[in-house]
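Chain by chain, the residues:
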Amino acid sequence: MALPSRSSLAIVLSLLLLTADGQTPSTPIVTSITKDRSTSLYTIPVKNGAPLVLDLAGSLVWSTCQQGHHTIPCKSSVCKVANRNHPAGCASTNGGQSGSTDPHCTCSAYPYNPVSGHCGNGDLTVLPLSAQATDGEHPLSPVSLNAYGSCAPDGLLESLPSGAAGVAGLSRLPLSLPSQVASKLKVAKQFALCLPSDGNTGAAVFGGGPFFRVHGIAVNQELVPIAPGALDLNTHTGRGGVVFSSVTPYTTLRDDIFGPLLTAFEKVTSGARVVKPPPPHFRCFDASSFGSTRLGPAVPNIDLILDNGQNWTLPGASSLVQVGEGTLCFAFDNMGWPASDASDAPAIILGTHQMQDNLVQFDLEKNTFGFSGLLLGRSTHCGNFNSGKR
């Protein structure tokens, strides 16, 4: 007998949150995820209910601050950590540096807006955060914690959703949100995201942008002809490899990878009627050319070929996106030039459309991830997780 959809999602989450020795960690915390319709960015309401934008590559938590906010002395050990998190191209301040002999020196940090690409500087401070303890299926009780974060000028909120108070960085660095939750609540240095589709509420679980290896790409179980080594990560320059992004709407590929993938997809959809693509899309189709399945439009799967013989399968709901009335577009983007030629250009930036309605878990200690596959195939979706927001 089929499990109820909410139970199915809870079981998937429990499996993903198992630690290496088969034991579940201390009680994780959960908060809801909302997708902003105007920007397609995802937020969590952890700062006294105010939303913070999720940034998988972000090094810290930052927010606008009120006058009289708490400050951190430069002599504090955490100031040295904050000073190391300095985005490239962000001007240093004359003061606020660790090691200062000034007894009145207050520490500075460098908040970064991943959408606009702008950065600033502000006081390192303590931000009160809140969420719910969870058993993997139900919220249990409120949990509050104080996290180190950066104040930011109001202008740094440009391009973020209306009402957003700042950004929650989710990288493996010590001042990111999951790293601080793990340290303060004594839970595993892991987190899981279930990004919702429009109109639904997803969930982020803490305690239960990293690179991962993709060896190849297949369309309809046939390998896409990509140059040998094109997907490999050069650990010296940072070129190649695959990164996750919570601020990139569609998976974006270097020009030398996007071209062969698009050609392979066009081959298996050659019978579909092509329509003029609106920017930023490269290929669009008349939606009536495809049948409909539980996993979206009836098109051949795209597979990312991973380690240990595993594939991340992208069915029609992940490979195509509806754009306007009766139009479906290829949901991948070309990095273009000169970005594709940059010495540190990743091979693939995995965007939010492909992560949507997947439960994805990141282990920041082991730099690994786990994934459920598209939850629509289990008769559920991210909106069915009980994060306490209803």
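Residues numbered from 1 in each chain as written. Predicted model: local features only at pLDDT ≥ 70, side-chain atom pairs only at ≥ 80, totals over all residues. Heavy atoms only, no water.

(A) Broad picture of the domain arrangement of the protein. By domain assignment, the protein separates into domain 1 (27–206) and domain 2 (214–356). A separation of 30 Å is found between the C-alpha centroids of domain 1 and domain 2. With eleven residues of domain 1 at the contact, the number on the domain 2 side is seven residues. Interface of domain 1 and domain 2: buried area, both sides summed, is about 780 Å²; carbon and sulfur atoms make up 63% of it. Area buried by domain 1 at its contact with domain 2 is led by Y42, L56 and L195, which between them contribute 55% of it. Here domain 1 is connected to domain 2 by five residue pairs in polar contact (both at pLDDT 80 or more). (Domains from an automatic or database assignment. Contact = heavy atoms within 4.5 Å. Buried area = accessible area lost by both parts, 1.4 Å probe. Polar contact = N/O pair within 3.5 Å; in protein donor to acceptor, adjacent residues only side chain to side chain.)

(B) How the structure looks around the packing of aromatic side chains. Tallied over the entire structure, the rule returns 14 aromatic pairs. Consider the rings of W312 and F371, whose centres lie 4.9 Å apart with planes at 10°: the pair is stacked. One end of the pair, W312, is in strand β21 (residues 311–314); the other, F371, is in strand β27 (residues 368–371), with 59 residues separating them in the sequence. Overall, W312 belongs to the buried group, its relative accessible area being 1%. Taken together, the ring pairs in this structure connect F191, F206, F244, W312, F362, F369 and F371 into an aromatic cluster. (Phe/Tyr/Trp six-rings, centres within 6.5 Å; stacked < 30°, edge-to-face > 60°. Helix = DSSP H or I, 4+ residues; strand = E, 2+ residues; numbered from the N terminus. Buried < 20%, exposed > 50% of the residue type's maximum accessible area, 1.4 Å probe, protein only.)

(C) Spatial organisation of the pattern of salt bridges. Within the structure shown, the criterion is met by five salt bridges. D198 is the partner of K35 in a salt bridge, and the nearest nitrogen-oxygen pair spans 3.4 Å. Placement of K35 in strand β1 (residues 29–35) and of D198 in the loop between β9 (190–194) and β10 (201–206) is noted, with a sequence separation of 163 residues between them. Look at K35 and you get buried, because its relative accessible area is 18%. For E222, the salt bridge goes to K267, with nearest N and O atoms at 3.8 Å. Of this pair, E222 sits in strand β13 (residues 222–223) while K267 sits in helix α4 (residues 255–268), placing them 45 residues apart in sequence. Residue class for K267 comes out exposed when judged on its relative accessible area of 58%. (Salt bridge = Lys/Arg side-chain N within 4 Å of Asp/Glu carboxyl O.)

(D) Molecular detail of the sheet that holds strand β22 (residues 320–322). Taken in spatial order, the four strands line up as β16-β17-β23-β22 in an open sheet, and their pairing is antiparallel. One side of each edge strand has no neighbouring strand; the edge strands of this open sheet are β16 (274–275) and β22. Each of β17 (284–286), β22 and β23 (327–330) touches α4; the most contacted strand, β23, lies at about 140° to it. (Pairing = 2+ DSSP bridges. Axes fitted to C-alpha atoms, helices over the stretch in contact; angles between N-to-C directions.)

(E) Examining the confidence of the model for the protein more closely. With 91% of its residues at a pLDDT of 70 or more, the protein shows a mean pLDDT of 88. Counting interchain partners and residues more than four positions distant, the pLDDT-below-50 stretch residues 1–25 has 49 contacts. (pLDDT = per-residue confidence, 0-100.)

(F) Representation of the state of the cysteines in the model. The tally for this structure, following the rule as stated, stands at five disulfides. The partner cysteine of C284 in its disulfide is C329, sulfur to sulfur 1.9 Å. Disulfide C284-C329: the torsion about the S-S bond is 100°, which places it as right-handed. On the criterion of sequence distance, the pair formed by C284 in strand β17 and C329 in strand β23 is long-range, its members being 45 residues apart. C329 sits in the buried class, given a relative accessible area of 0%. (Disulfide = S-S within 2.5 Å.)

(G) Inspection of the sheet that holds strand β12 (residues 216–219) at higher detail. Spatial ordering of the open sheet is given by β13-β12-β20-β21, a layout of four strands whose pairing is antiparallel. Each edge of the open sheet is held by one strand with a lone partner, namely β13 and β21. Strands β12, β13 and β20 (302–305) of the sheet are contacted by α4, whose axis makes an angle of about 20° with β12.

(H) How the structure looks around unusual backbone geometry. With an omega of 5°, the peptide bond running from P279 to P280 counts as cis. If you trace the backbone, P280 turns up in the loop between β16 and β17. At S159, a position not held by glycine, the phi torsion is positive, near 80°. Within the secondary structure, S159 is located in the loop between β7 (139–151) and β8 (166–169). Here the phi dihedral of D357 falls at roughly 60°; this positive angle occurs in a residue that is not glycine. Inspection of the secondary structure assignment puts D357 in the loop between α6 (352–355) and β26 (359–363). The class of D357 is buried, set by a relative accessible area of 6%.

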